[in-house]
Amino acid sequence: GSVPEHTPKEEFGDLVAALPRRQQSILELRLYQGFWLPEHWVPGTIVFQRRFSPRPDDVVLASYPKCGTTWLKALAFAVAARGAYLPASPAHPLRRLNPHDCIPFIDEIFAAGEHGKLELLPSPRLMNTHLPYTLLPEPVTTGGCRVVYVCRDPKDMVVSLWHFLRRAKPDLSFAETFEFVCDGTVAAGPVWDHVLSYWRASVARPDRVLFLKYEDMLCDGAGSVRRLAEFMGRPFSPAEEAAGDVAAVVELCSFDGMKGLEVNKPGAGGGTAGRYRPMPRDAFFRKGIAGDWANHMTPEMAARLDGIVREKLLGTGLAF
Ligand code: A3P
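Now for a look at the structure at hand.

Criteria and cut-off values
Residues numbered from 1 in each chain as written. Predicted model: local features only at pLDDT ≥ 70, side-chain atom pairs only at ≥ 80, totals over all residues. Helix = DSSP H or I, 4+ residues; strand = E, 2+ residues; numbered from the N terminus. Buried ≥ 20, exposed ≤ 12 C-beta atoms within 10 Å, placed from the backbone. Pairing = 2+ DSSP bridges. Arc of directions from axis to C-beta. Contact = placed C-beta atoms within 7 Å. Axes fitted to C-alpha atoms, helices over the stretch in contact; angles between N-to-C directions. Parallel < 35°, antiparallel > 145°, perpendicular 65-115°, else oblique. Left-handed = near helix turned anticlockwise from the far one by under 90°. Nonpolar A, V, L, I, M, F, W, Y, C, P; charged D, E, K, R; others polar. Core = buried A, V, L, I, M, F, W, Y, C linked by C-beta atoms within 7 Å. Near = placed C-beta within 6 Å.

## Side note on unusual backbone geometry
Thinking step 1. For the bond running from Ser 123 to Pro 124, omega is -10 degrees, close enough to zero to count as cis.
Thinking step 2. Look at Ala 188: it is not a glycine, yet its phi comes out positive at around 70 degrees.
Thinking step 3. Along the chain, the position of Ala 188 falls in the loop between helix H9 (174-183) and helix H10 (191-204).

This is the structure we're talking about:
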C-alpha cells in the first residue's frame, strides 16, 4: 500500500511548537518570520511557502483581515469574469454567491492539504491571502505574479475586527481588542508591518504590486475598478466603457447590494464561509463605511493608535 500522507499540521507540528507563543482572546498566536500568526495558519503557510507553484498570470489578492478582503475579492472576480458574465447580468455568480466562495483562500487550502485544487483552477487564477508580503513564497515575489493589496485606516480595522471576533466570543471587550492591536500581537500583526511590507513592494515593483486603500475605493469606486482592471491586464475597452460596465461592476460589488443578497443574510440557509474558523456569511458585511471608529474609541485612544502608526510609517511615503 501507499504511505499515508501527513497533514501539514502533523508534518510541521514540531516546528510550530518551537515558535514563540502568545494567547490572545480566542486565538493562540505563534511568532513566525516576524509576524504573529494564529497557530492554525502556520503549517499551511509553511507548505504554501515551500510548494506553491505560481503561474505568470496568477493574481494574488492580499489584505490584512477586516480591511476589505471580501470587497476586493468581489471586484477582482467581477473584473476577471467579464468574458463569461456581464457585470449587469442577473445571472452573475456574485448575485448568488459570497465572494469567499468564488475565490480560494490560499493559506486555508494549503492548511487543509488541498493545494491540488489550486492546480485544477483555470488560468488566470485568482486567489487570496492574509499573509504579509515578506512571507509570500519567493517565486511570487520575484516572478511574474500580480499582487493586489488593500489596506484601511487601522482604527476602522480595529472596530471591524472587534465586531467580527465578537461573533465567536460575545464577551470580548473593545478595550482588549484595541490593546492587542496596539501591541502588535494580533492575527497577522503587527498591522503596520503588514501594510509596510506591501507598500514597499508596490514602490519597488509597481507593475507587479498594486496598493489600494479601502477609503479611496469608497470615494472613487469607478476609478478603483479601472485601476484594478488595468493592473490585472484586463482594461475596460471603449465599448465596455460606453456600455457602462465599470459602473455595473461597482454596483454589483456594492456593500448594500452584497449585504442584501439572500446568501449573505443573517440566518440565511447560506451556512458559513471559511474553513479555519467558519463564519456565518453575514459576518462579512457590517457597515461598510469609513470613520466608524469614532463611535467606538475615545479621542485619546484614536490619538494613541494614530501616533503608533504614524511613527512606524515615518519616512515611508505612506500615511493614513
Ligand atoms: P465593517 O466591519 O467596518 O463594516 P474583510 O472583508 O477584510 O473581512 O473586511 C470586512 C469589512 O469590509 C467590514 O467592515 C465589511 O462591512 C466591509 N465590506 C464588506 N463588503 C464590502 C463591500 N462590498 N463594500 C464595502 N465594504 C465592504
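## A look at the pairing of strand S3 (residues 35-38)
Thinking step 1. Burial along S3 is two-sided: Phe 35 and Leu 37 and Trp 36 and Pro 38, pointing in opposite directions, are all buried.
Thinking step 2. Sheet topology note: the strand S2 (residues 27-32)/S3 ladder contains four bridges and is antiparallel. Bridged to Tyr 32 within S3 is Phe 35.
Thinking step 3. Between S2 and S3, which pair antiparallel in sequence order, lie two residues; one of them, Gln 33, sits at a positive phi of approximately 50 degrees.

## Notes on helix H12 (residues 221-231)
Thinking step 1. Burial in H12 covers these residues: Ser 224, Val 225, Leu 228, Ala 229 and Phe 231. Take H12 and look down its axis: the buried residues cluster within an arc of 165 degrees, on one side only.
Thinking step 2. Turning to H12, the residues buried within the fold contact helix H4 (69-80), strand S6 (146-151), strand S7 (209-213), helix H11 (214-219) and helix H14 (245-252).

## Digging into the packing of helix H8 (residues 154-166) against H9
Thinking step 1. H9 packs onto H8 with a crossing angle of 125 degrees between their chain directions and a minimal axis gap of 10 Å. One finds that H8 runs oblique with respect to H9. In the packing of H8 onto H9, the handedness of the crossing is right-handed. Two secondary-structure elements touch here, H8 through Val 158, Leu 161, Trp 162 and Leu 165 and H9 through Phe 174, Thr 177, Phe 178 and Val 181.
Thinking step 2. Residues belonging to the contact of H8 with H9 are distributed by class as follows: seven nonpolar, one polar and no charged.

## What about the packing of H12 against H14?
Thinking step 1. As a packed pair, H12 and H14 sit with axes 9 Å apart at the nearest point and diverge in direction by 105 degrees. Accordingly, the angle class assigned to the pair H12 and H14 is roughly perpendicular. Residues Gly 221, Ala 222, Val 225 and Arg 226 of H12 touch H14, and the partners they reach there are Val 246, Ala 247, Val 249 and Val 250.
Thinking step 2. The class makeup of the residues in the contact of H12 with H14 is six nonpolar, one polar and one charged.

## Concerning the pairing of S7
Thinking step 1. Taken across its five residues, S7 has four buried, putting it largely inside the fold.
Thinking step 2. As paired strands, S6 and S7 are joined by five bridges and run parallel to one another. Opposite Cys 151, over in S7, you have Lys 213 as the bridge partner.

## Brief notes about the nonpolar core
Thinking step 1. If you look at the biggest cluster of nonpolar residues, it comprises 87 residues, and the most contacted ones within it are Leu 61, Leu 75, Ala 76, Val 148, Tyr 149 and Cys 253.
Thinking step 2. Sort the elements by how many residues they give to this core and H4 lands first, with nine residues.
Thinking step 3. When residues no more than four places from it in sequence are discounted, the contact partners of Leu 75 are Val 225, Leu 228, Val 249 and Cys 253.

## Re the environment of Thr 142
Thinking step 1. Along the chain, Thr 142 turns up in helix H7 (residues 138-142).
Thinking step 2. Under the C-beta neighbour-count criterion, Thr 142 is labelled exposed, with 12 such atoms within 10 Å.
Thinking step 3. Separated by 63 residues in sequence, Thr 142 and Arg 205 place their C-alpha atoms 9.5 Å apart.

## Side note on the site of the ligand
Thinking step 1. Lining the immediate environment of the ligand, one finds 23 residues, of which Thr 69, Thr 70, Ser 160, Arg 286 and Gly 288 sit closest.
Thinking step 2. Of all elements in the fold, only H4, H8 and helix H15 (255-259) reach the threshold of two or more residues within the shell around the ligand.
Thinking step 3. By residue class, the composition of the shell around the ligand is ten nonpolar, eight polar and five charged.

## Thoughts on the sheet that holds strand S4 (residues 59-63)
Thinking step 1. A sheet is described by the order of its strands in space; here four strands give the open sequence S5-S4-S6-S7, paired in parallel fashion. Every other strand in the sheet has two partners, leaving strand S5 (126-129) and S7 as the edge strands with one partner each. Averaged over all adjacent pairs, the angle separating strand axes in this sheet is 20 degrees, with direction ignored.
Thinking step 2. Across four bridges, S4 lies against S5 in parallel orientation. Bridging across to S5, Leu 61 finds its partner in Asn 128.

Any link to function would need more than the numbers given here.
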